[in-house]
Amino acid sequence: HPSVTSDWSSDVCSSDLSIAASLHNIGGVLHDQGKDYDGAVAYLRRALAMDRRVHGGEGGTGADDDPGVDHPGIATSLSHIGAVLNSQGKHDEALERYRETLRIREAAPGKEHPDVSHTVGHRGYTRLRACGREAAAGGRRATSSRQAR
């Protein structure tokens, strides 16, 4: 089994999804503690790379890496990275991750899936923090989508 510190050049094995989940969890705890955002992003990017490799990609960690490799797990990784970047005040980078998350979620589970509404809400909140209340129209879209159900 590959270790968490491996270079991930070996073949993907069945435990990779478990390792990616552990990396997500560590990144999430670091984010929740609010003490080590850079560490949180590092763990979450490693999880994203594993998610992309498991689903046929090269393991890129950028918002637009591995085009055509779309899976809800990849969207979740991108969303978590966006949340940490937003907490760091890196709103433009967070919005890039949320845009890619939204694209994947609208394509995979469909535009009416609750995850799409959550992603739109995250984008609106990030825009609100970055630009003020006028930029938060995306958040209103998420609210109206949820109320329509």
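Residues numbered from 1 in each chain as written. Predicted model: local features only at pLDDT ≥ 70, side-chain atom pairs only at ≥ 80, totals over all residues. Heavy atoms only, no water.

Here we look at the nonpolar core
Most often, soluble globular proteins keep nonpolar side chains buried together rather than apart. Of all hydrophobic cores here, the largest spans 15 residues; its most connected members are Leu48, Ile74, Leu78, Ile81, Val84, Leu85 and Ile104. If you list the elements that add at least two residues to this core, you get α2 (37-54), α3 (72-87) and α4 (91-107). With sequence-adjacent residues up to four places away left out, Leu48 is seen in contact with Gly60, Thr61, Ile74, Ser77, Leu78 and Ile81. Within the second largest apolar cluster, 5 residues are counted, among which are Ile19, Ala20, Leu23 and Ala47. (Core = buried A, V, L, I, M, F, W, Y, C linked by side-chain atoms within 4.5 Å. Buried < 20%, exposed > 50% of the residue type's maximum accessible area, 1.4 Å probe, protein only. Helix = DSSP H or I, 4+ residues; strand = E, 2+ residues; numbered from the N terminus. Contact = heavy atoms within 4.5 Å.)

Quick notes on the confidence of the model for the chain
Confidence along the chain averages 75 in pLDDT terms, with 62% of residues attaining 70 or more. A low-confidence stretch, residues 1-12 stays under pLDDT 50, and its non-local contacts, those more than four residues away or across chains, total 20 contacts. (pLDDT = per-residue confidence, 0-100.)

Quick notes on α4
Over its 17 residues, α4 extends 24 Å from the first C-alpha to the last, a length consistent with the 24 Å expected when each residue adds 1.5 Å. For α4, the full list of buried residues reads His91, Ala94, Leu95, Arg97, Tyr98, Glu100, Thr101, Leu102, Ile104 and Arg105. (Expected span 1.5 Å × (residues − 1).)

Quick notes on the environment of Asp36
Here Asp36 is to be found in the loop between α1 (16-33) and α2. Residues Asp36 and Gln88, 52 residues apart in the sequence, show an inter-C-alpha distance of 10.0 Å. Of note is the side chain of Asp36, whose polar atom sits 2.8 Å from the backbone nitrogen of Gly39. (Polar contact = N/O pair within 3.5 Å; in protein donor to acceptor, adjacent residues only side chain to side chain.)

Regarding the pattern of salt bridges
In this structure the tally under the stated criterion is 3 salt bridges. In this structure, Arg97 engages Glu96 in a salt bridge whose closest nitrogen and oxygen atoms are separated by 3.6 Å. A residue is classified by how much of its surface remains accessible, and Arg97, at 6% relative accessible area, is buried. For Glu96, a relative accessible area of 39% corresponds to the partly exposed category. Salt bridges sharing common partners tie together Asp70, Glu100 and Arg103. (Salt bridge = Lys/Arg side-chain N within 4 Å of Asp/Glu carboxyl O.)

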